[in-house]
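Geometric and topological summary
Given next are the chains, with one letter for each unit.
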Amino acid sequence: MLLPHLAAVVVDHVEVTAAHVTLWVRPSAVCASYRKCGSMSTRVHSQYERRLADAALGGRRVLIRARSRRFFCDNAHCPATTFAEQVHGLTSPYARRSPLLTKMLDAIALALAGRAGARLAEVLGLLTSRSTLLRRIRAMPDPEVGVVTVLGVDDFALRRGHIYGTILINMDTHDPVDLLPDREAATLAAWLRAHPGVEVICRDRAGAYAEGARRGAPDAIQVADRWHLWNNLGKYVEKTVAAHHHCLHRSDLVPAPGAADEPRDLERLAAEVAAARAETSAIVVRTRERYGQVQALKAEGKGIKPIMRELGLAKETVRKFYRAEAVEDVLATSLAGRPSRLDPYKPYLHERWNDGATNVLDLHREITVQGYRGSYGSVRDYLAPFRETGAAPPAVAKPPKVRTLVCWIMTHPDNLDGEDQIALKNALADCPHLDALSGHVRGFAEMLLERQGDRLEDWMTKVDADNLPYLRSFTCGLRHDHAAVLNALTLPHSSGAVEGNVNRVKMLKRQTYGRAAFDLLRKRVLLTT
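What this report covers is the structure whose coordinates are included nearby. For clarity, every value in this text was computed on a predicted model and none was experimentally measured.

We now examine the sheet that holds strand 11 (residues 200–203). The mixed open sheet is built from five strands, whose spatial order is 10-9-8-11-12. Both edges of this open sheet fall to strand 10 (175–180) and strand 12 (221–224), since each of them pairs with a single strand only. Neighbouring strand axes in the sheet, compared pairwise and without regard to direction, differ in orientation by 30 degrees on average.

See below:
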């Protein structure tokens, strides 16, 4: 019984070996039509043999040796004198593979790309190479874009930190419509002008995308991504918590009457020694040195990128030093809540010291047995103030870390367990600035979840009235992009589908590691679903 794509031919002979199946076939029709002019012809000019690779059969590679004919074209208006006969479903002009085999290889190439695709094809009995599969991907036509009314825009990394591209998503179908080789405003504007009809543009907070949307589709409504709004707020919340984290350094233990002054003095001495040791630590010295270098180059009129290249630092690191008004701002963010290896063992050290064990070397050995991996010097410096007074104060409860406190503030109260709710309540009671910050975060979350954009202006006014400079910086950014932010807090459009496609781009990029040129990646993103 013939395979469906061999129904238009007559099989004259079949040869089967352990690895191959060879079929000799000839067309069953007595006439042929020329694909360009459509005229039929029965006059045969000549015959020749074509060799076509076909899909595997029973694990064996299939070779079709087809007898093909050339016909005279009887159309007087056609410029061709002769034409080659094509058998529907079996042959194509200039092809050495059957359409069935070509379709299978295209599917493998799109799913697995080069090396992995070639290995799978070999298992299935299909002979191909990784380079052939990549050429097949590049040869595929782009899908039709059509009219996109709601467009999603976001960037993705071709080479993280160096080269970025832009992905465009049809938010009605959640399918990618194009990839752009950069994230510049002019590139996005040119694409929008070439594809009119966009009514809504969902984007992140990047200024280049805002400018490109204004220039390319001035009548379109821009909607800021709500996830990016919340994420941006979280960064400013972290800076604010870091700046006020020192307010939480207190003991929750209430000393007995008449003994209050002595523990307080001991705690003060211990805090002073810890502060002096932190000031001479390697990270503080390095931070002060880098801040001085960046500020000196800034004073010479250099920008962030030239400073980054000159000092060999990451862009985000240079930006942090470049924009800080004082080195203390950087230190507050970098060091606040930084854990010490000695923290879990401090209660034990206090207890042993008050029991009369004042040999630092012995105490260091004892906590080392318990799992301590820090230095002897840290233990010695921490216990030094106690030697002057002869007693250790009650162990001070360690305040929550900056990121832990940020997580509590930005989590819905109903999703916190009882202990976290109590710890957050105590922390907010210690610092009125953090209490005000928590209230503003809850207000913004309500606007975000309940689409209450009409409250935005009032919320920003309340933030500006408080002494929270980092949060005021956030409101300045909101005012700069006010229309898109207001639409995000009012309209139902979301950029969730864009983020999902960005994750898929990352997967496809890693599959073709080393050969993920932009044109190849673009084809795979547009043609895979």
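So, next bit.
A word on the side chain of D54. As for its position among the elements, D54 is in strand 5 (residues 44–57). For D54, which is buried and forms no salt bridge, the nearest opposite charge comes from R97, at a distance of 10 Å. There is a polar contact of 2.5 Å between the side chain of D54 and the side chain of S98.

Evaluated as defined, the whole model comprises zero disulfides. Among the cysteines around C37, which has no disulfide bond, C73 carries the closest sulfur, lying 3.8 Å off. For C37, a relative accessible area of 28% translates into the label partly exposed.

Okay, the side chain of S41 next. Note on placement: S41 falls in strand 4 (residues 40–41). Within the structure, S41 has its side chain in polar contact with the backbone nitrogen of R43 (distance 3.3 Å). Reaching out from S41, the side chain makes a polar contact with the backbone oxygen of F72 at a distance of 2.5 Å. Not counting the four nearest positions on each side in its chain, S41 is found in contact with C31, A32, F71, F72, D74 and F83.

The next subject is the packing of aromatic side chains. One pass over the full model with this rule turns up six aromatic pairs. Here the aromatic rings of W459 and F474 are separated by 6.2 Å at their centres, their planes lie at 90 degrees, and the arrangement is edge-to-face. Linking W459 in helix 18 (residues 456–465) with F474 in helix 19 (residues 469–480), this pair joins segments that are 15 residues apart in sequence. Both residues of the pair, W459 and F474, count as buried. Through pairs of rings, three or more aromatic residues link up here, namely Y236, F444, W459 and F474. The aromatic ring of Y322 is capped on one face by K298, whose charged end is 4.7 Å from the ring centroid.

Conventions used here
Residues numbered from 1 in each chain as written. Predicted model: local features only at pLDDT ≥ 70, side-chain atom pairs only at ≥ 80, totals over all residues. Heavy atoms only, no water. Pairing = 2+ DSSP bridges. Helix = DSSP H or I, 4+ residues; strand = E, 2+ residues; numbered from the N terminus. Axes fitted to C-alpha atoms, helices over the stretch in contact; angles between N-to-C directions. Buried < 20%, exposed > 50% of the residue type's maximum accessible area, 1.4 Å probe, protein only. Lys, Arg positive; Asp, Glu negative; His and termini not counted. Salt bridge = Lys/Arg side-chain N within 4 Å of Asp/Glu carboxyl O. Polar contact = N/O pair within 3.5 Å; in protein donor to acceptor, adjacent residues only side chain to side chain. Disulfide = S-S within 2.5 Å. Contact = heavy atoms within 4.5 Å. Phe/Tyr/Trp six-rings, centres within 6.5 Å; stacked < 30°, edge-to-face > 60°. Lys NZ or Arg CZ within 6 Å of the ring centre and 35° of its normal.

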